[in-house]
Amino acid sequence: MSLQKLTRDEIERAQDLVVRIQGITSCQISTDDAGNITEVHVVATLDKSPKFIARDVESCLKAEMGLDVDH
């Protein structure tokens, strides 16, 4: 996923951004002890395909926070 180390505040900001995406109802970002993203879990409605949800999450995190995540 990302090699960027995040603080707890940055993780919370990223989760808040992802939840604002249409069709996503919740988001939990997991990190390792060093603060590197290991997983991004989302719960979404059936309005969009998983492919589009993943694309929207990646685009949002890149545009708003400069984070590179890979589906």
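Refer to the structure printed above.
Computed from a prediction, not measured in an experiment: that's the story for all the values here.

Caption draft 1: Fine view of helix H2 (residues 50-65). Helix length check: H2 (16 residues) gives 22 Å between terminal C-alpha atoms against 22 Å at 1.5 Å per residue, within 8%. Burial in H2 covers these residues: Ile53, Asp56, Val57, Cys60, Leu61 and Met65. Down the axis of H2, the buried set is contained in an arc of 120 degrees. They therefore lie on one face. Within H2, the exposed residues directed more than 90 degrees away from the buried face are Lys51 and Ala63. Buried-residue contacts for H2 involve helix H1 (8-19), strand S1 (24-31) and strand S2 (37-44). Phi turns positive, to about 70 degrees, at glycine 66, one or two residues after H2.

Caption draft 2: Quick look at the environment of leucine 67. Relative to the helices and strands, leucine 67 is located in the segment after H2. Spatially, the C-alpha atoms of leucine 67 and arginine 13 are 12 Å apart, while their sequence positions differ by 54 residues.

Caption draft 3: Region of interest: the pattern of salt bridges. Here the structure, examined in full by the defined rule, presents four salt bridges. Across the pair aspartate 56 and arginine 55 runs a salt bridge, and its minimum N-O distance is 2.8 Å. Overall, aspartate 56 belongs to the buried group, its relative accessible area being 14%. A salt bridge links lysine 62 to aspartate 68; its shortest N-O distance comes to 2.9 Å. Several salt bridges converge on common partners, so that one network encompasses Lys48, Arg55 and Asp56.

Caption draft 4: Summary view of the nonpolar core. Membership of the largest hydrophobic core comes to 17 residues, with the highest contact counts inside it found for Val18, Val57 and Leu61. Only H1, S1 and H2 provide two or more residues apiece to this core. At five residues, H2 tops the list of elements feeding residues into this core. Among residues more than four places away in sequence, those in contact with valine 57 are Val18, Ile21, Ile24, Val40 and Val42.

Caption draft 5: Structural detail: the pairing of S2. Examined bridge by bridge, S1 and S2 share seven bridges and lie antiparallel to one another. Counterpart to isoleucine 29 in the pairing with S2 is valine 40. Between S1 and S2, which pair antiparallel one after the other, the connecting turn spans five residues, and glycine 35 there sits at a positive phi close to 95 degrees.

Quick notes on the rules
Residues numbered from 1 in each chain as written. Predicted model: local features only at pLDDT ≥ 70, side-chain atom pairs only at ≥ 80, totals over all residues. Heavy atoms only, no water. Helix = DSSP H or I, 4+ residues; strand = E, 2+ residues; numbered from the N terminus. Expected span 1.5 Å × (residues − 1). Buried < 20%, exposed > 50% of the residue type's maximum accessible area, 1.4 Å probe, protein only. Arc of directions from axis to C-beta. Contact = heavy atoms within 4.5 Å. Salt bridge = Lys/Arg side-chain N within 4 Å of Asp/Glu carboxyl O. Core = buried A, V, L, I, M, F, W, Y, C linked by side-chain atoms within 4.5 Å. Pairing = 2+ DSSP bridges.

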